[in-house]
Each structure stands twice: as C-alpha cells, then as structure tokens.
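# Tertiary structure, described
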Protein chains: 2
Amino acid sequence: MPNVSLRGDMMPSSPIRKLVPYAEQAKKRGVKVYHLNIGQPDIVTPKLIMDAVRNCNITILEYSHSAGFESYREKLTAYYKHLSIDVTKNQIIVTTGGSEAIQFAMMSCLDPHDEIIIPEPFYANYNGFAVAAQIKIVPITSSIEDGFKLPPIEDFERNITPRTKAIMICNPNNPTGYLYSAQEMEVLRDICLKHNLFLFSDEAYKEFCYDNQQHISAMHLKGLENHVILMDTISKRYSACGGRIGAFITKNAEVYDTAMKFAQARLSPPTFAQIAGEAAIDLPADYFEEVKVEYVKRRDLLVKRLNQIPGVFCPNPGGAFYAMAKLPVESAEDFCQWL
Amino acid sequence: MPNVSLRGDMMPSSPIRKLVPYAEQAKKRGVKVYHLNIGQPDIVTPKLIMDAVRNCNITILEYSHSAGFESYREKLTAYYKHLSIDVTKNQIIVTTGGSEAIQFAMMSCLDPHDEIIIPEPFYANYNGFAVAAQIKIVPITSSIEDGFKLPPIEDFERNITPRTKAIMICNPNNPTGYLYSAQEMEVLRDICLKHNLFLFSDEAYKEFCYDNQQHISAMHLKGLENHVILMDTISKRYSACGGRIGAFITKNAEVYDTAMKFAQARLSPPTFAQIAGEAAIDLPADYFEEVKVEYVKRRDLLVKRLNQIPGVFCPNPGGAFYAMAKLPVESAEDFCQWL
C-alpha cells in the first residue's frame, strides 16, 4: 500500500475538529453546547442576496471568466471605492473564498522554503496553506497584555532573513479582534519598503470595526502599491460563508498575471455565489450599521462578564467578532474539553 | 518592487487563453467563430438542478461540512453503486470542482520533486496543478495512429524511478476521447501493484461512452482498492461547469484522512452547487441516454467529415466529447491562429 506524502503527514489537523467528539458526547448527555470555536456568524444572510440566486435566469451553468464575472468585478470596484480603495476590475480576481486568495498569494509570491512573517496568534488555517505551499511561517508573538497590538519593529527586523518574502496580517484580526492603527500600518509599510517585502493583508472583517475606529486597509498605504495583496471574502461581510466567494486584489501587474495563471488552472470561481456577491453590493448603506450594533452589544456583554471572573483577562477587541481571554487554566485544550 | 516566485514564473499559461485575442479580432471583423478549444458543453443544464437551487430554503448561508453535506455524500453512494462502485459516504470528499480533487490527490500523495506518470496528450491543466504542488509530470506518449490507446507497458517500466509515486489517467480521455479497455485497466492495475504506485483516475466523462462500450472505473479493479483515487465532477455530467462541484474518492483511509486536512483548511465546498449536485442524482435514468444521442450524432459527423479531408486523420473517440485530428500543417498553433 503506497504511503501518503510527507507534506500530507505534516498538514495540520483543524484545531477545532479535535473538540468535536467532546461536544458530541456532551450533547448526547443532554448538555446544551455553545460553540465558541468557529467563525460562523448566526446573522441572517440578507434576503436580497439569497433572492438574487433564487431568481437567477441561467440556461447553461457555464464556467465563468477565471477572474470572475466582469460585471461583478466592475461592481466591486465601486464597493472598494466607497472604502477609499482605488482598484480597477483588472486588479481583482474573484476567488473561491478568502481561502483561495491566500493560496494564490502564497503560491504567486513564495517558493518552497521561503518565509513569511505573521504576528501570532493568527488564523489557524494559515498553517495549512503554508504546508500546502511548502513555505515557512515565522511567527512573531503579540501579547494579550497590550491587547495584541503589533509587535515591536525590532521583532520583525530580527526575524527577517534572505528567504523572507512577505509579512502577513489579518486586520481586524482573527482570532484576537485587534484592529491595527494608522501608525502601526505605517510601521508595516516602512518595513516592507525597507526590506522589499510583500504585505499580504487579510481584511475579511474590515466592515466590523467598533468604537468609531476607522479601518486602515493595506491598500491605503502610499508608496506600497506594488507590495500589497489584499485578500477579501464575502463570508463574514454578508454572513455568506457557504457561498465560497472571495477576492485577490493587487496593483502589482506581475503578481496579478501570475495569480491569474493559478486562477486559470482551476477554471473559475463558483457561479451562484458570484451572483450573490454581486447582488450584495446593492445592499443599503446602513446594512453594516445594523449588524455592528448587534456585534457590539455581544462584545460588550462578553468582555465585561469575562473580566468580572477572578483571574480572567479579556482585552476589548476593536473589530471582527472574536475575543481572546487569558484564563487561570494550565492548558487551553484541557479546558476546552472540560467545557 | 518584490518579485513573483519562481513557481509562479514556471506556472504555465492556459494554452487556450493564448488564442483568445485572435478570436476576438476575427469577431470584430464580423467573422463567426466556432470555439473548438474549450470543454464547455452547450447542452442545457437540467431544469431539475437549477430549480433545486432556485427553491432553496436557506436563512443563513453557512459553511457546510468540509467533506460536503452528509446528505449529498449519502446520495452519491447510491449514484456510484449504480455504476458498480461501492463506496461509503466516509470515502467521499465533495470538492470545489474536479480541479480541487486533483490538487488534493497530488498534495496528499506526492512531495515536491516526486514524479507522476501520465499518458500524453493529457488535460493541459494537470501541468498547472503539478507546478503548484511542485511535483514532476513524466509524460508517456500515446499515438494518434492507434487512436491513443494505452502506451506499452515497457514505456511505463522504463520511466519508473524511486521518485515515481503515481500513474494518472483520464478515462474517457480529455483531450483524445480514448476510452480505456478492461484489459488496459488491468495492465494499469498490475503495474501499480508491482511498483506500489497510486492510480489517480480522472473520470469526469465516465457517463459519455459510446458504441455500447462499458466504462471501466479504476474503482472496479480488484486488489487495487488502497491505490486508487477517483477524481470526479458534475461539470460535464450535468452540463454544470459553473457550479464547481466535484468529488475526491478513495478507500484508502490514510489518504482520505490526509486529504480531509486539506479540505478542512479551505473550510467547505460551495453550498449552492452542492444543492444542485444532490438534486441531480434524482434525474431520470434516461437523462444520459438523451445527451449521448446528441454527442454521438456530433461525433459521427465531425469524424466522418474530418477524415474526408485529404491529409487529415481523426480516430473515432470512444468517449467524452473531444476529438483529436492529425492535420497537414506545420504548427498546430499557427493553424489555430489562422482559423
């Protein structure tokens, strides 16, 4: 019997999946389980989006353009313009979820054994994509004590090697909820320019910034245009995770053309969810305001009550819909199992 | 400005895309262009499928299971049973198109620099997936003179090295239309057993076999159960290319668990097209008969008329909806441009 690959062996299991058997056992005992481990919003998907799919008028369910429907990319430029991000439809590749945008970025910009610096804690699946692409993630630890702000510039400098090709951030951050400030984004710009690095910016949660804070996109950074890849998704924005539609965006023409070759190999992103994504751009301007009111209400309750527990510390997340707490436990995994 | 990766540089462009500017110029001159270069069926997508999506009753468009809906996998087992393929729902991973199934197979079974033997001509995008996975395709040439039958066993033996991990076939073949016989499949089984190789079997066109020939699936081969990965898709089967739903199927539990880790990293396959795929299994038994009548009619006309042209030879494809012809031209690419 032939063996699986070493890469397959090294591929990490989902840290969430490990907990599923415990949750299932508890449910069998009649325990009500609140799943705190997965970024699946319970906000209703806007009816406008679902209706666009329900009313679709398709005779032959054809491949779309490998970069996604031209009409969708055209409308996306207006959506981004509203966020002060100036891109053309030929700088956008519609992807199969944000996941595929991350894979295109890693494959297009890094070779096996190349390194990418990522502040940790970071989204667990970056590890999987890195193993698939055979690249090395160099983590730089951020600290719960200061709410997971950007680690000091020296920590980046110390970890840059001739193989370092990129810095990657998630802003607002999954899983810390930290929102990078304009000043921190400028630090990232300067270091990317100084060391000629790409900046991969996962902005899946950019609509969800609280307390009147402004989201600073990597695309806003002057002088860094040829270094930035914006990785986006409709999953969290419109509570449409199952659609599997995201976007890979860059002003670097060489990177764009390279990513397009990966996009062409897999033919096209899913058609139905492109229809959903295109319709979503017509949502009323106050749509996100309503959702944010709900998320802020939950955050405020959660953070307040967590911090009332002796020995617990939970910084106030500035964005996204995650919170990380320091708990008086020996092992987070044991604690999750006990929960 | 940072550079793209070597891998990105090596990534092949779509051979089809190169021709697009010529087609567009011709169209501008008022020429009617028949696109002979792309596997996009013009058969209408069954209304049953489209209606299933149109009538979907979804409030929150959630992630599905990383292996795909349990209900869909359950129904797929009945679909495969009908084709004398015995698999359980836990041997199926629903993928984002057949493309993703190919990538999961390559990543799960081969490490960078490992080799995979593929009879050529083969589906052009295998090259792209191989570059992405950093593996090496070792082509073995089949010949138009004998209709692209399986190359002799000696050609395989000669090309097997310590790095050879798999043989890959597409059956019926894209782009030759060749349908492998039971005897040829047994040759492949024997060589895979002898050299402990995986057999990757792309069976995207398995419903389209003509002249009362039987499709022999790699899954039918006795004793090869732990070596076979079946890569499937609804794209051609139901004229549903835009859905982006395929399947990765194996009885090898270790390979399955490994591929599941790649599947978990990308979260889930697209929900809407899973609904379409699930509905498709309820199509009446004569659905494929009707489509085959149409494809055979076209094949017969095309092959007959091509062979009537002096200097042209076109073998009769036994399956799929492609035909390859030997033409009295110096360069196929020049000829395509002239067309």
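Refer to the structure above for everything that follows.
In this section: the overall build of chain A. Helix and strand counts for chain A come out as twelve helices and seven strands. The C-alpha atoms of chain A give 20 Å as radius of gyration, which agrees with the globular expectation for 339 residues (20 Å, within 12%). Counting only C-alpha atoms, chain A reaches 60 × 55 × 50 Å along its principal axes. Taken across its 339 residues, chain A has 47% of its residues classed as buried.

This paragraph deals with helix α6 (residues 125–133) of chain B. When you tally the buried positions in α6 of chain B, you get eight out of nine residues, the bulk of the element. Within α6 of chain B the residues assigned to the buried category are Asn125, Tyr126, Gly128, Phe129, Ala130, Val131, Ala132 and Ala133 of chain B. Where the residues of α6 of chain B are buried, they touch α5 (97–109) and α9 (253–265) of chain A together with α1 (6–10), α5 (97–109), β2 (115–120) and β3 (136–141) of chain B. At the C-terminal side of α6 of chain B, glutamine 134 of chain B shows a positive phi close to 60°.

Turning our eyes to something else, we now look at the relation of the copies chain A and chain B. Note on the identical chains: chain A maps onto chain B by a rotation of 180° and an axial translation of 0.0 Å, with an RMSD of 0.0 Å. Seen this way, the second copy is the image of the first under a two-fold rotation axis. Within chain A, arginine 54 of chain A has its C-alpha nearest the rotation axis, a separation of 2.0 Å. Interface overlap between copies is the fraction of interface residues in one copy that are interface residues in the other; for chain A against chain B it reaches 99%, indicating a shared surface.

Relative to the assigned elements, asparagine 226 of chain A resides in the loop between β5 (198–202) and β6 (228–233). In this structure asparagine 226 of chain A comes out as partly exposed when scored by C-beta crowding, with 15 C-beta atoms within 10 Å. For asparagine 226 of chain A and alanine 253 of chain A, which are 27 residues apart along the polypeptide, the C-alpha to C-alpha distance reads 8.1 Å. With near-sequence residues (within four places) excluded, asparagine 226 of chain A lies in contact with Lys251 and Asn252 of chain A together with Met1 of chain B.

All names here are of chain B. Where α5 meets helix α9 (residues 253–265), the closest approach of the two axes is 9 Å, and the angle between their N-to-C directions is 115°. Regarding α5 and α9, the two cross each other, and that crossing is right-handed. Taken together, the residues of α9 that come into contact with α5 (itself represented by Phe104, Met107, Ser108 and Cys109) are Val255, Thr258, Ala259, Phe262 and Ala263. Among the residues forming the contact of α5 with α9, the class breakdown is seven nonpolar, two polar and no charged.

This part covers the interface of chain A and chain B. Across the contact, 68 residues belong to chain A and 67 residues belong to chain B. Put simply, the parts of the chain that give the side of chain A that touches chain B at least two residues each are α1 (6–10), α3 (47–54), α5, α6 (125–133), α9 and α10 (271–280) of chain A. Looking at the side of chain A that touches chain B, the element that brings in the most residues is α9 of chain A, giving seven residues. Along the lines of polarity and charge, the residues of the side of chain A that touches chain B split into 31 nonpolar, 26 polar and eleven charged.

So, on to unusual backbone geometry. The step from asparagine 171 of chain B to proline 172 of chain B runs through a cis peptide bond, and the omega angle for that step is -5°. If you trace the backbone, proline 172 of chain B turns up in the loop between β4 (164–170) and α8 (182–195). In this structure, proline 175 of chain B follows asparagine 174 of chain B across a cis peptide bond, with omega equal to 20°. Structurally, proline 175 of chain B can be placed in the loop between β4 and α8. If you check the backbone angles, asparagine 212 of chain A has positive phi at about 60° while not being a glycine. In this fold, asparagine 212 of chain A is placed in the loop between β5 and β6. Residues other than glycine seldom take positive phi values, yet arginine 244 of chain A does so here, at roughly 65°. Tracing the sequence through the fold places arginine 244 of chain A in the loop between β6 and β7 (246–250). The exposure class assigned to arginine 244 of chain A is buried, which follows from the 33 C-beta atoms found within 10 Å.

What counts as what
- Residues numbered from 1 in each chain as written.
- Chains lettered and ligands numbered in written order.
- Predicted model: local features only at pLDDT ≥ 70, side-chain atom pairs only at ≥ 80, totals over all residues.
- Helix = DSSP H or I, 4+ residues; strand = E, 2+ residues; numbered from the N terminus.
- Rg over C-alpha atoms; globule rule 2.2 N^0.38 Å.
- Buried ≥ 20, exposed ≤ 12 C-beta atoms within 10 Å, placed from the backbone.
- Contact = placed C-beta atoms within 7 Å.
- Least-squares fit on C-alpha atoms with pLDDT ≥ 70 in both.
- Axes fitted to C-alpha atoms, helices over the stretch in contact; angles between N-to-C directions.
- Left-handed = near helix turned anticlockwise from the far one by under 90°.
- Nonpolar A, V, L, I, M, F, W, Y, C, P; charged D, E, K, R; others polar.

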